[in-house]
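Inside the fold
Residue strings, one per chain:
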Amino acid sequence: MKKGIIILFAASLGLTACNRFEKGEGDMVYKIYKSEGKPKIQEGDFVKLNGIQVVETKSNGDSTLVNTYDNERPAFFPISKSMFKGDMVAALKLLGEGDSAVFKLNLDSMAKYSGQPKPTGAKDNYATFTVKIEKVLHKVANEPDSTFEKKKRDFFETEYKALIAKNKANESAKISKYVADNNLKVTTSPSGLQYVIETPGNAERANLTDTVIVDYTGQFTNKKADGKLNVFDTSNAKIAKEAGIYSPMAQYAPRPMPLGQLAQGFIEGVQMIGVGGKIKMILPSKLGYGENGGGPINPFTPLVFDVELKGIKKVNPNAAQPANQLPVTK
């Protein structure tokens, strides 16, 4: 499956010449990779799909804006009326369940009608979308909206429960694979936290009531389709840029965090090192976001954190402590 994703991804980047594509409506051009011959998507349908959105930039080559395979979370797309000729709705209407294709859509039109700004530094005026239609819930002619809305809720709930069950079943294997692939000699604590202390730091240890100042990077155990680390949050600007998650609004520097507000696995790992210490910790979901997930984190998702403890600040031990959470960019 992973090999197929990479081939599809590579194909989407390689087929950039317009004469390799067919002309669609408006400014859209497209190429169908696979057609199962099933009924085409129509307005009103509800679609489950996986996709990759790429914009070619002048300075950094191809920039991947969205990749549902990296996130291990398919998208659910209601088929409404087209906003402009050659938009994503028009593109999806060329496909049916099981089909895959690549589309090039006009960036100016997308920005105008979506309200989202055009990506900066785009080399041309197109975004490339590589799409695989996983499932289609077709709206029956003259079907009452209330009936179809219930079908959509049931459809989404069924698919989401399947995702959760898959993540739960695969979590242990994901952790084992990450440890093996990176040739790590981990220690496992009684809680299930796996860790490698790279530098112990000094003798001082943080208490739950302290604020810790940390440099950190959080990533998923799976790599991206392009082979890069799958980083979801970091205090390091260079890593953020390499991972494609850099935000000019973020402050990239060691961050102060009240230790008692963080998740169990993060707390446990930080308390194993002193100031100047570095630790890699692999959190099973029960020590992180658990069975519900949150933000970009799926349910039953193990996380990897590389942390350097830069300082410990004592705070009022009587101050109210909010619910535990992990550092993560929203």
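As recorded in an unreviewed UniProt entry, the protein chain goes by peptidylprolyl isomerase and comes from Pedobacter rhizosphaerae. Its UniProt record gives the protein chain a comment under Catalytic activity (unreviewed entry), which states: "[protein]-peptidylproline (omega=180) = [protein]-peptidylproline (omega=0)". Recorded in UniProt for the protein chain, the comment headed Sequence similarities (unreviewed entry) runs: "Belongs to the FKBP-type PPIase family."

**Focus on the nonpolar core**
If you look at the biggest cluster of nonpolar residues, it comprises 27 residues, and the most contacted ones within it are Val212, Val270, Met281, Phe305 and Val307. If you list the elements that add at least two residues to this core, you get β10 (211-220), α7 (264-270), β13 (278-283) and β14 (303-313). Among the elements that line this core, the one with the most residues is β14, at five residues. In terms of nonpolar packing, the next biggest core, distinct from the first, is built from 24 residues, Phe84, Leu107, Ala122 and Ile133 among them.

**Quick notes on the pairing of β14**
Here β10 runs beside β14; their pairing, made up of ten bridges, is antiparallel. Residue pairing across strands places Thr217 opposite Asp306, the latter belonging to β14. Across six bridges, the pairing between β13 and β14 is antiparallel. Each bridged residue has a counterpart across the sheet, and for Ile282 the counterpart in β14 is Val304.

**Re helix α4 (residues 107-114)**
Those residues of α4 that sit buried are Leu107, Ser109 and Met110. All buried residues of α4 project into a common sector of 160° when viewed along the axis, lining one side. Where α4 is buried, its residues touch β3 (46-57), β6 (100-106) and β7 (126-137). At the N-terminal end of α4, a side-chain oxygen is found 2.9 Å from the backbone nitrogen of Asp108, two or three residues along, and the residue is Asn106.

**A few points about the pattern of salt bridges**
Tallied over the full model, the rule gives 18 salt bridges. Among the salt bridges present, the one from Lys34 reaches Glu36, with a minimum N-O distance of 3.1 Å. The partly exposed category is assigned to Lys34, whose relative accessible area is 42%. Looking at Glu36, the relative accessible area reads 40%, which means it is partly exposed. Between Asp233 and Arg255 there is a salt bridge, with its nearest N and O atoms 3.7 Å apart. Separated by 22 residues along the polypeptide, Asp233 in strand β11 (residues 231-234) and Arg255 in strand β12 (residues 255-258) bring together distant segments of the chain. Each member of the pair Asp233 and Arg255 is classed as buried.

Analysis parameters
Residues numbered from 1 in each chain as written. Predicted model: local features only at pLDDT ≥ 70, side-chain atom pairs only at ≥ 80, totals over all residues. Heavy atoms only, no water. UniProt positions renumbered as here; feature names shortened; annotations may be inferred. Core = buried A, V, L, I, M, F, W, Y, C linked by side-chain atoms within 4.5 Å. Buried < 20%, exposed > 50% of the residue type's maximum accessible area, 1.4 Å probe, protein only. Helix = DSSP H or I, 4+ residues; strand = E, 2+ residues; numbered from the N terminus. Pairing = 2+ DSSP bridges. Arc of directions from axis to C-beta. Contact = heavy atoms within 4.5 Å. Polar contact = N/O pair within 3.5 Å; in protein donor to acceptor, adjacent residues only side chain to side chain. Salt bridge = Lys/Arg side-chain N within 4 Å of Asp/Glu carboxyl O.

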